[in-house]
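Below, each chain spelled out in residue letters.
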Amino acid sequence: MAIVCQLCGRAFRFLPTHLRKAHGISTTEYRRDYQIQAGEPLADEHYRAAHRDKMDRMVRSGKLTRDHLPEATEAARRAGRGVRTYADLAAQRERILASRPWEANQLPPGAKRADGRDADRARETQRKRRERSSVPKK
């Protein structure tokens, strides 16, 4: 399943390269503008599987080690980050919805997107999709 670019509507196996070359934005800006969480991949499943297999082969051959991982994990645990509760996630969601920074870059009502589709309908569909996916699970 390919990843669809929210800026132009085209599908890609690996979105970060397209974002940088075609739109001149970073993945951080893209995630912020379209409310995509950090854990959500910007590459399709086949691409990730191929690179996972490549990394496993490099570990087995000895070209790459994962010795640093236990230290990094322990350092992250000591960093003072606590477990986020349902209330924390709900409060964060409210702050995001209150500010809505992505609306400043929207097409005006009644406009058409570059691919000819109605911008209002596409925007409403995207909002519904975000609401379904961003509601924290209890």
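Note: the structure precedes this text.
Residues numbered from 1 in each chain as written. Predicted model: local features only at pLDDT ≥ 70, side-chain atom pairs only at ≥ 80, totals over all residues. Heavy atoms only, no water.

1. Some details on the overall build of the protein
Regarding its fold elements, the protein presents 6 helices and 2 strands. Look at the contacts in the protein between residues 6 or more apart in sequence, and 45% of them connect residues 24 or more apart. (Helix = DSSP H or I, 4+ residues; strand = E, 2+ residues; numbered from the N terminus. Contact = heavy atoms within 4.5 Å.)

2. Notes on the nonpolar core
Judged by nonpolar contacts, Ile 3, Cys 5, Phe 12, Leu 15, Leu 19, Ile 25, Tyr 30, Tyr 34 and Leu 42 together constitute the single largest core of 9 residues. Non-local contacts of Ile 25, meaning those with residues more than four positions away in its chain, are made with Leu 7, Leu 19, Arg 20 and Tyr 30. (Core = buried A, V, L, I, M, F, W, Y, C linked by side-chain atoms within 4.5 Å. Buried < 20%, exposed > 50% of the residue type's maximum accessible area, 1.4 Å probe, protein only.)

3. Concerning the pattern of salt bridges
All told, the structure shown has 5 salt bridges when counted by the stated rule. Residues Asp 115 and Arg 117 are paired through a salt bridge, measuring 2.9 Å at the closest nitrogen-oxygen approach. Residue Asp 120 is joined to Arg 123 by a salt bridge in which the shortest nitrogen-to-oxygen separation is 3.0 Å. Of the two residues, Asp 120 and Arg 123 are both situated in helix 6 (residues 119-134); the distance of 3 residues between them amounts to about one turn of the helix. Relative accessible area serves as the criterion here: at 16%, Arg 123 is assigned to the buried category. In this structure, a network of salt bridges that share partners links the residues Arg 113, Asp 115 and Arg 117. (Salt bridge = Lys/Arg side-chain N within 4 Å of Asp/Glu carboxyl O.)

4. Section: the packing of aromatic side chains
In this structure the tally under the stated criterion is 2 aromatic pairs. Judged by centre distance (4.7 Å) and plane angle (25°), the rings of Phe 14 and Tyr 47 are stacked. With a gap of 33 residues between them, Phe 14 in the loop between strand 2 (11-12) and helix 1 (15-23) and Tyr 47 in helix 3 (residues 45-61) connect regions that are remote in the sequence. Given a relative accessible area of 22%, Tyr 47 falls into the partly exposed group. (Phe/Tyr/Trp six-rings, centres within 6.5 Å; stacked < 30°, edge-to-face > 60°.)

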